[in-house]
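Residues per chain are reported as follows:
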Amino acid sequence: MYSSGLGFYPEDNILNIQIKNNCLVVEQSFFSNSRHTQINKHTFRFQNGDFYLIGSYDNFADTCDFNFTQEINFSTGKVIVDREYSSCDDEAKIPENVYKEFIHKFKPLIKMNDFKIGEHKFKIPGMKEDFVF
């Protein structure tokens, strides 16, 4: 979870915690400035005496330039990377959109107490960058 002390609009940041389908769902909307919004949703299931991360969703958007979504289902290993580009400048060269779905096996599952946003990563197949969650 991001601290509300970060960003220019901390009073607009939203934290929503709920129980849905026997899982603990933690969702945060974080407005880092007038153009950027980041939404994180992490789903934890209680099993084997502890809470484990079973789902991760992250959307980082700029009102003009991009809309990036990364999603993981830890139970199935399904990973989605979706990057859409645009521009408010009619003269700008817009990068090509990227959409990838693939399977990545996660062993063992991450316990809730061991999870901090941005501290886990793995290589995205066919790309030079990491999937950070």
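Here, the structure is the one placed above.
Heads up: these notes are all about the structure in this document. For every chain, the first residue of the written sequence is number 1, and numbering continues from 1 along that sequence. This being a predicted model, a pLDDT of at least 70 is required before a residue's local features are given, and a value of 80 or more before pairs of side-chain atoms are given or counted; all residues contribute to the totals for chains, interfaces and linings. With hydrogens and water set aside, each side-chain value is computed from the structure's full complement of heavy atoms.

### As for the overall build of the protein
- In this description a helix means any DSSP run of H or I spanning at least four residues, a strand means any run of E spanning at least two, and both kinds are numbered starting from the N terminus. Along the protein, the regular secondary structure elements total 0 helices and 9 strands.
- From first element to last, N terminus to C terminus, the protein shows the α and β order β-β-β-β-β-β-β-β-β.
- Seen through its C-alpha atoms, the protein measures out along the principal axes to roughly 55 × 40 × 25 Å.
- Residue exposure (1.4 Å probe, protein chains only): buried if accessible area is under 20% of the type maximum, exposed if over 50%, otherwise partly exposed. Taking all 133 residues of the protein together, 34% fall into the buried category.
- The contacts in the protein between residues at least 6 apart in sequence include a share of 32% that link residues at least 24 apart.
- Here, Shrake-Rupley sampling with a 1.4 Å probe gives the accessible areas, and only protein chains in the shown set may cover a residue. With the model as given, the accessible surface of the protein reaches about 8,600 Å², and the carbon-plus-sulfur share is 50%. Two residues form a contact once any of their heavy atoms are found within 4.5 Å.

### A look at the packing of aromatic side chains
- Side-chain rings of Phe, Tyr and Trp, where Trp is taken by its six-membered ring, are said to pair if the distance between their centres is within 6.5 Å; with planes under 30 degrees apart they count as stacked, over 60 as edge-to-face, and otherwise as tilted. If you walk through the whole model with that rule in mind, you get 14 aromatic pairs.
- Residues Phe60 and Phe66 carry aromatic rings whose centres are separated by 5.1 Å and whose planes lie at 50° to one another, so their mutual orientation is tilted.
- The buried category is assigned to Phe66, whose relative accessible area is 16%.
- Here the aromatic residues Phe44, Phe74, Phe102, Phe106, Phe115, Phe122, Phe131 and Phe133 are joined through ring pairs into a cluster of three or more.
- Over the face of the ring belonging to Phe68 we find Arg83, whose NZ or CZ atom lies 5.5 Å from the ring centre. In this scheme, Lys NZ or Arg CZ marks a charge over a ring once it lies within 6 Å of the ring centre and within 35 degrees of the ring normal.

### Comments concerning the side chain of Thr43
- You can see Thr43 is positioned in strand S3 (residues 36-47).
- For Thr43, a relative accessible area of 17% gives the class buried.
- Those residues in contact with Thr43 that lie beyond four places of it in its chain are Cys23, Leu24, Val25, Tyr52, Leu53, Ile54 and Gly55.

### Observations regarding the sheet that holds strand S7 (residues 98-103)
- Sheet architecture is open: 7 strands sit in the order S1-S2-S3-S4-S5-S6-S7, paired in antiparallel fashion. Two strands close off the open sheet at either side, each with one partner strand: strand S1 (14-20) and S7. Averaged over neighbouring strand pairs, the angle between their axes works out to 10° when direction is ignored.
- In terms of strand pairing, strand S4 (residues 50-62) meets strand S5 (residues 66-73) through 8 bridges, oriented antiparallel. Across the sheet, Gly55 pairs through a bridge with Asn73, a residue of S5. Strand pairing follows a simple DSSP-based rule, namely that at least 2 bridges must link the two strands. Axes here mean lines fitted to C-alpha atoms, for a helix over just the part in contact, with angles spanning 0 to 180 degrees between N-to-C directions.

### Focus on the layout of surface pockets
- Cavities and pockets are defined on a 1 Å grid built over the protein atoms alone: a cavity is a set of grid points where a 1.4 Å probe fits but cannot escape, while a pocket is an open set with protein on both sides within 12 Å along at least five of seven lines, and lining residues are those with an atom within 4 Å of any such point. Grid points are joined across faces, edges and corners, and a volume is the space filled by probe spheres set on the points. Counted as a void, the second largest pocket has a volume near 200 Å³.
- For the second largest pocket, the lining is made up of 14 residues, of which Lys41, Thr43, Gly55, Ser56 and Glu71 are closest to its centre.
- Going through the elements one at a time, S1, strand S2 (23-31), S3, S4 and S5 are the ones with two or more residues in the lining of the second largest pocket.
- Looking at which element gives the most residues to the lining of the second largest pocket, the answer is S4, with 4 residues.
- Gly counts as polar in this scheme, as do all residues outside two lists: the nonpolar Ala, Val, Leu, Ile, Met, Phe, Trp, Tyr, Cys and Pro, and the charged Asp, Glu, Lys and Arg. Here the lining of the second largest pocket is built from residues that sort into 4 nonpolar, 6 polar and 4 charged.

### A word on the side chain of His42
- Tracing the chain through its elements places His42 in strand S3.
- Of the polar contacts made by the side chain of His42, one reaches the side chain of Ser56; its length is 3.4 Å.
- Once residues within four sequence positions are removed from consideration, His42 is found in contact with Leu24, Val25, Val26, Leu53, Gly55, Ser56, Phe115 and Ile117. Under this definition, polar contacts are N or O atom pairs within 3.5 Å; protein pairs additionally need one hydrogen-donor-capable and one acceptor-capable atom, and for neighbouring residues in sequence, both atoms have to be side-chain atoms.

Geometry only, nothing functional implied.
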